[in-house]
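Structural overview
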Amino acid sequence: MLQHLTQEVHLRTRADPTVPRIGTIGLASAVGIAYFFAAQLSLALLAEPVGVAVFWPAAGVSSGVLIALRRDARLPVAAGAMVATIIANLMGDRNVWGATAFALCNAGEALLAAWLIERYFGPGFGLGRLRNVLGLLAAAVVATAASGIGGTVAYKLFHSPTAPIWTTWHHWFASDAVGIITVAPLVIGLAQAVREPPPRNEIIEGVVALVALAAMTVIIVSLPPKPWQTMVPVTLLFPILLWLAARCRPVFAAAGAFIVSLAIVWTITFGIGHFGDPGLPIGDRIMGAQAAILGVALCAYVLAALFAERRRAEARQDLLIAELDHRVKNVLARVAVIAMHTRQSGMTIDEFVQALDGRIQSMAAAHSLLSQSRWGGVGLTDLIGRQLAPYTTDANTQIGGPEVMLTAAETQAVAMVIHELVTNAAKYGALSSPDGRVSVSWDRTRADAAAILTITWRELGGPPVTAPVQSGYGSSLIRDLIPHELGGTVDLVFPSDGACCKIEIPLKRRCSDARASLPHRLLPTVPSRLPAQPDLDRKY
């Protein structure tokens, strides 16, 4: 049932109105500005003699926006990233051909990362699951590895670097991968927070934790490069990340990872603390900084995903408990009503027990079929076959029709009606005679949202049938349950050669069966219009 509900939520959120609201030009401009300033920050620190940026958070800007806004944002994001890349490179020491090649690589990188996420994780991607965190990491690795090949070729053609090709590719790959892993989750989380704002108390708590994290990070990165002086502050950094992950949404953990990453980049750029120590080789400092950023980011994301999954689990448990409580109460209420009406028919105690047991067994059979399908739907063929099984053989029954899946509400209502028809046919109708037979056929008139399921019950070869003078409980249930629960119609007639019942059920919401699985539709109550004095011994 939860799977159906999730699919319904995905269908509702598939059409994201964010892009139409912002506009294509506005989105391209916003992405271009953000990408430009991020690129300028990265170009301030180049790895010599390669000439490749050590950090490229701009990759996270474009990839994050594409993942958050999905395919509608492809053109404006790609255009904004390309224009910003060209301008940022031309303001440096790059020529127009190299800048254009780098722009194509950067735009293609973002498009590839977003396509991989949408291809394997679908729309509505978030960091609330560990699987999604690992998926983002894999997409970042694949996309940056591919763009790094193009970037390396462009460097070789237009800038003739002295460093080996492998070194150039490695720097491109590492800087872009760290940029995506650091910035994209923050952009994705902010987009989710805009759609579903966190509670005010969570915002306040998250902001306080982020301020504490920023202060602690500044202290850590500013200390001299002595392990014993750095150990104590580092041990205080993890509890703050744990606080953010346990108490707040993943966007706050992503913001925390971004703050730490920004502080590390700041220290290596301006020669502060351990990562800015000029006594260490620049290659070692760059590798250490990238490893620290990656470690902090992955730690924050994994913790946030694990705690989010534990919360998405607690909510599931609460929903299942509420659903179980609803189903049990509904079943008990239905059994009580059936027992009361069955007992009022004036039959002997043995007849009462037999009739009551038959009706309860009918409900149990329908419930068993629903349980086997995890309440996802029951085939009409299986349902009718299960209800006919105790009374019929291949010689006296004929069933057939196209395969139709019934929802939980439809299954229970149809099962009760078929049970009453079978029981009365076995007592008074075609199934009470060796020569009698029952035919059950059905058809679906249309295939769209206005489809109608028509079920025809026909008895032949049994004893002569006369219409009852007064309707009993069984005939009232047959006539009233389907209209009351499913909005359909029932035509029950008694020609002399055998009873005939035609049932029509509107099959609305076939593309959204999840709605039929909501708790208030799971087990429909017995209609209140059933007679107060039913008589099971009376024919129908």
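Quantities reported herein were computed from a predicted structural model and do not represent experimental measurements. (Residues numbered from 1 in each chain as written. Predicted model: local features only at pLDDT ≥ 70, side-chain atom pairs only at ≥ 80, totals over all residues. Heavy atoms only, no water.)

1. Remarks on the overall build of the protein chain
Within the protein chain, the secondary structure is distributed over 17 helices and 9 strands. Among the 540 residues that make up the protein chain, the fraction classed as buried is 50%. Of the contacts made within the protein chain by residues no fewer than 6 positions apart, 74% connect residues no fewer than 24 positions apart. Working note: accessible area of the protein chain is about 25,100 Å², and carbon and sulfur atoms make up 64% of it. (Helix = DSSP H or I, 4+ residues; strand = E, 2+ residues; numbered from the N terminus. Buried < 20%, exposed > 50% of the residue type's maximum accessible area, 1.4 Å probe, protein only. Contact = heavy atoms within 4.5 Å. Areas by Shrake-Rupley, 256 points an atom, 1.4 Å probe, with all protein chains shown as cover.)

2. Here we look at the sheet that holds strand β4 (residues 397-400)
Taken together, 5 strands build an open sheet; the order of strands is β4-β6-β7-β9-β8 and the sheet is mixed. The open sheet has two edge strands with one neighbour each: β4 and β8 (489-493). Neighbour to neighbour, the strand axes of the sheet diverge by 10° on average, direction disregarded. Where strand β7 (residues 451-460) lies against strand β9 (residues 500-507), 8 bridges are found, and the strand directions are antiparallel. Across the sheet, T456 pairs through a bridge with K502, a residue of β9. Across the sheet, helix α14 (residues 380-388) lies against β4, β6 (437-444) and β7, angled at about 165° from β6, the strand it touches most. Contacting β8 and β9, helix α16 (residues 473-486) runs over the sheet at an angle of about 165° to β8. (Pairing = 2+ DSSP bridges. Axes fitted to C-alpha atoms, helices over the stretch in contact; angles between N-to-C directions.)

3. Remarks on helix α4 (residues 58-69)
Taking 1.5 Å per residue, 12 residues should reach 16 Å; α4 reaches 17 Å between its end C-alpha atoms and fits that length. Those residues of α4 that sit buried are A58, A59, G60, V61, S62, S63, G64, V65, L66, I67, A68 and L69. (Expected span 1.5 Å × (residues − 1).)

4. A look at the pattern of salt bridges
For the structure on display, the rule yields 6 salt bridges. Salt-bridge contacts for R74 lead to E118; the nearest nitrogen and oxygen are separated by 3.8 Å. Of the two residues, R74 is situated in helix α5 (residues 74-90) and E118 in helix α6 (residues 96-121); the sequence distance between them amounts to 44 residues. With relative accessibility at 34%, the residue R74 sits in the partly exposed group. The partly exposed category is assigned to E118, whose relative accessible area is 21%. A salt bridge links E202 to R249; its shortest N-O distance comes to 3.9 Å. Residue E202 is found in helix α9 (residues 200-222), and its partner R249 is found in the loop between α10 (227-247) and α11 (250-270); the two are separated by 47 residues along the sequence. (Salt bridge = Lys/Arg side-chain N within 4 Å of Asp/Glu carboxyl O.)

5. Here's the deal with empty space enclosed by the protein
In the structure shown here, the tally under the stated rule is 7 cavities of 30 Å³ or more. What lines the second largest cavity is a set of 14 residues, and nearest its centre among them are L66, I67, R70, A114 and E118. Elements that contribute at least two residues to the lining of the second largest cavity include exactly α4 and α6. Looking at the lining of the second largest cavity element by element, the count peaks at 5 residues for α6. For the lining of the second largest cavity, the class distribution of residues is 8 nonpolar, 2 polar and 4 charged. (1 Å grid on protein atoms, 1.4 Å probe; cavity = no way out; pocket = protein on both sides within 12 Å on 5 of 7 lines; lining within 4 Å. Points joined across faces, edges and corners; volume = space filled by probe spheres on them. Nonpolar A, V, L, I, M, F, W, Y, C, P; charged D, E, K, R; others polar.)

6. Remarks on the packing of helix α13 (residues 349-372) against α14
Here α13 crosses α14 at 150°, and the two axes come no closer than 10 Å. For the pair α13 and α14, the crossing hand works out as right-handed. For the pair formed by α13 and α14, the contact residues are S362, A365, A366, S368, L369 and Q372 on the first element and D382, L383, R386 and Q387 on the second. Across the contact of α13 with α14, the residue classes tally to 4 nonpolar, 4 polar and 2 charged. (Left-handed = near helix turned anticlockwise from the far one by under 90°.)

7. Focus on α6
In this model, α6 (26 residues) spans 37 Å end to end at C-alpha, consistent with the 38 Å of a helix rising 1.5 Å per residue. For α6, the capping residue at the N-terminal end is N95, with a side-chain oxygen 3.1 Å from the backbone nitrogen of W97. (Polar contact = N/O pair within 3.5 Å; in protein donor to acceptor, adjacent residues only side chain to side chain.)

8. What to know about the confidence of the model for the protein chain
Atom-level detail of predicted coordinates should not be read off regions where pLDDT is low. On average, the protein chain scores 79 in pLDDT, and the residues at 70 or more come to 82%. In this model residues 1-17 is a low-confidence stretch, pLDDT under 50, and it forms 26 contacts with partners more than four residues away in sequence or in other chains. (pLDDT = per-residue confidence, 0-100.)

9. What about the packing of α6 against helix α7 (residues 130-158)?
For any two helices packed against each other, one specifies the crossing angle of their axes together with the interaxial distance. Viewed as axis vectors pointing N to C, α6 and α7 meet at an angle of 160°, and their least axial separation amounts to 9 Å. In terms of axis orientation, α6 runs roughly antiparallel to α7. Judged by the twist between their axes, the crossing of α6 over α7 is right-handed. In terms of residue class, the contact of α6 with α7 is made up of 18 nonpolar, 7 polar and 2 charged. (Parallel < 35°, antiparallel > 145°, perpendicular 65-115°, else oblique.)

10. Side note on the packing of aromatic side chains
For the coordinates displayed, the defined rule picks out 8 aromatic pairs. Look at W166 and W169: their rings are 5.2 Å apart centre to centre, the planes differ by 25°, and that puts the pair in the stacked class. Within this pair, W166 and its partner W169 are both found in helix α8 (residues 165-195), separated by 3 residues, close to a single helical turn. Ring pairing ties together the aromatic residues F102, Y155 and W172, which thus form one cluster. Over the ring of Y120 we find R119; its NZ or CZ atom is 5.1 Å from the centre of that ring. (Phe/Tyr/Trp six-rings, centres within 6.5 Å; stacked < 30°, edge-to-face > 60°. Lys NZ or Arg CZ within 6 Å of the ring centre and 35° of its normal.)

11. Here we look at the environment of I220
Its place among the elements puts I220 in helix α9. Relative accessible area serves as the criterion here: at 13%, I220 is assigned to the buried category. Put simply, I220 and I264 are 44 residues apart on the chain and 9.8 Å apart in space, counted from C-alpha to C-alpha.

12. So, the pairing of β8
Only one face of β8 is covered, namely the face carrying V490 and L492; the face carrying T489, D491 and V493 is uncovered. What sits between the antiparallel neighbours β8 and β9 is a turn of 6 residues, in which G498 has the positive phi angle 150°.

13. Overview of a nonpolar patch on the surface
Taken together, the side chains of L90, V96, W97, I149, V153, L157 and F158 present a nonpolar region at the surface, about 710 Å² in accessible area. Only α6 and α7 provide two or more residues apiece to the nonpolar patch. (Patch = residues over 30% accessible without salt bridge, like charges linked within 9 Å, V, L, I, M, F, W, Y side chains within 5 Å.)

14. A few points about the side chain of E202
Look at E202 and you get buried, because its relative accessible area is 12%. Side-chain polar atoms of E202 contact the backbone nitrogen of R249, separated by 2.8 Å. When sequence neighbours within four positions are dropped, the list of residues in contact with E202 reads R247, C248, R249 and F252.

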